[in-house]
Amino acid sequence: AYQMENIWNAEIPFCGRWIASYYSPCVPARPTSEWMSADSNFPFGRLSNDDNVDIYSVKNKDSWVEKSVTSTIQARIEMEKQKGKKHYRFYKNKDCQEAYARYFCWLNFPRCDDFEESLPMCQSTCEN
């Protein structure tokens, strides 16, 4: 798994703020040549310095999570404002917005067991 002190700001700037105090995410610490090599799913390989190539990487996934969380919260707030006060959950509720962001980050960057396999999320993650 990734070494926590090396990645939070550079590789996982959005989700790192909620993961760092809990666990190291279950992603390769040092990508192997087998993991990085091109295949049918990743024709350019998994990592690239070319910003024009859409490569699945830890940094790109974190960016995708941030965009997804932001757009979902914004859409939800707009819907709540249209439906009225009794439907408010995200609107003017930073705790709820942050809980959703944490959940989405924990879902996309799971913890590892001793064998570097992803573990399921705790039930308490889903309780708010």
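What counts as what
Residues numbered from 1 in each chain as written. Predicted model: local features only at pLDDT ≥ 70, side-chain atom pairs only at ≥ 80, totals over all residues. Heavy atoms only, no water. Phe/Tyr/Trp six-rings, centres within 6.5 Å; stacked < 30°, edge-to-face > 60°. Buried < 20%, exposed > 50% of the residue type's maximum accessible area, 1.4 Å probe, protein only. Lys NZ or Arg CZ within 6 Å of the ring centre and 35° of its normal. Core = buried A, V, L, I, M, F, W, Y, C linked by side-chain atoms within 4.5 Å. Helix = DSSP H or I, 4+ residues; strand = E, 2+ residues; numbered from the N terminus. Contact = heavy atoms within 4.5 Å. Salt bridge = Lys/Arg side-chain N within 4 Å of Asp/Glu carboxyl O. Expected span 1.5 Å × (residues − 1). Axes fitted to C-alpha atoms, helices over the stretch in contact; angles between N-to-C directions. Left-handed = near helix turned anticlockwise from the far one by under 90°. Nonpolar A, V, L, I, M, F, W, Y, C, P; charged D, E, K, R; others polar.

1. Quick notes on the packing of aromatic side chains
Next, step 1: Tallying each qualifying case throughout the model produces five aromatic pairs.
Next, step 2: Relative to Trp18, the ring of Phe14 lies with its centre 5.3 Å away and its plane at 80°, an arrangement referred to as edge-to-face.
Next, step 3: Here Trp18 falls in the buried class, since its relative accessible area comes to 10%.
Next, step 4: Members of the aromatic cluster, each reached through a chain of ring pairs, are Trp64, Phe90, Tyr100 and Phe104.
Next, step 5: Just above the ring of Phe109 sits the side chain of Lys61; from NZ or CZ to the centre is 5.5 Å.

2. Some words on the nonpolar core
Next, step 1: Membership of the largest hydrophobic core comes to 19 residues, with the highest contact counts inside it found for Phe14, Cys15, Val65, Val69 and Phe109.
Next, step 2: When contributions to this core are tallied by element, the ones reaching two or more residues are helix H2 (16-19), helix H4 (58-83) and helix H5 (94-108).
Next, step 3: Here Cys15 is in contact with Asp62, Val65, Cys105 and Phe109, once residues within four sequence places are set aside.

3. Quick word on the pattern of salt bridges
Next, step 1: Counting across every chain of the model gives three salt bridges.
Next, step 2: Residue Arg76 is joined to Glu80 by a salt bridge in which the shortest nitrogen-to-oxygen separation is 2.6 Å. Placement of both Arg76 and Glu80 in helix H4 is noted, with a separation of four residues, approximately one turn of the helix.
Next, step 3: According to the relative accessible area criterion, Arg76 is partly exposed, its value standing at 24%.
Next, step 4: The partner of Lys81 in a salt bridge is Glu78, with the nearest N and O atoms 3.5 Å apart.

4. Details of H4
Since there are 3.6 residues in each turn of an α-helix, residues three or four apart along the chain are aligned in direction.
Next, step 1: Helix length check: H4 (26 residues) gives 37 Å between terminal C-alpha atoms against 38 Å at 1.5 Å per residue, within 8%.
Next, step 2: Among the residues of H4, Val58, Lys61, Asp62, Val65, Ser68, Val69, Ile73, Ile77 and Glu80 are the ones counted as buried.
Next, step 3: Packed against the buried residues of H4 are H2 and H5.

5. Some points on the packing of H4 against H5
Next, step 1: It is at 10 Å that the axes of H4 and H5 come closest, and there the two elements cross at 145°. The two elements H4 and H5 meet at a crossing, and its hand is right-handed. Listed contacts from H5 to Lys61, Trp64, Val65, Ser68, Val69, Thr72, Ile73 and Ile77 of H4 are Gln97, Tyr100, Ala101, Phe104, Cys105 and Asn108.
Next, step 2: When grouped by side-chain class, the residues that make up the contact of H4 with H5 number nine nonpolar, four polar and one charged.

6. Re unusual backbone geometry
Glycine aside, negative phi is the norm for most residues, and most peptide bonds take the trans geometry.
Next, step 1: Backbone geometry at Lys92 places phi at a positive 55°, although glycine is not the residue there.
Next, step 2: Looking at where Lys92 falls in the secondary structure, it is placed in the loop between H4 and H5.
Next, step 3: Residue class for Lys92 comes out exposed when judged on its relative accessible area of 72%.

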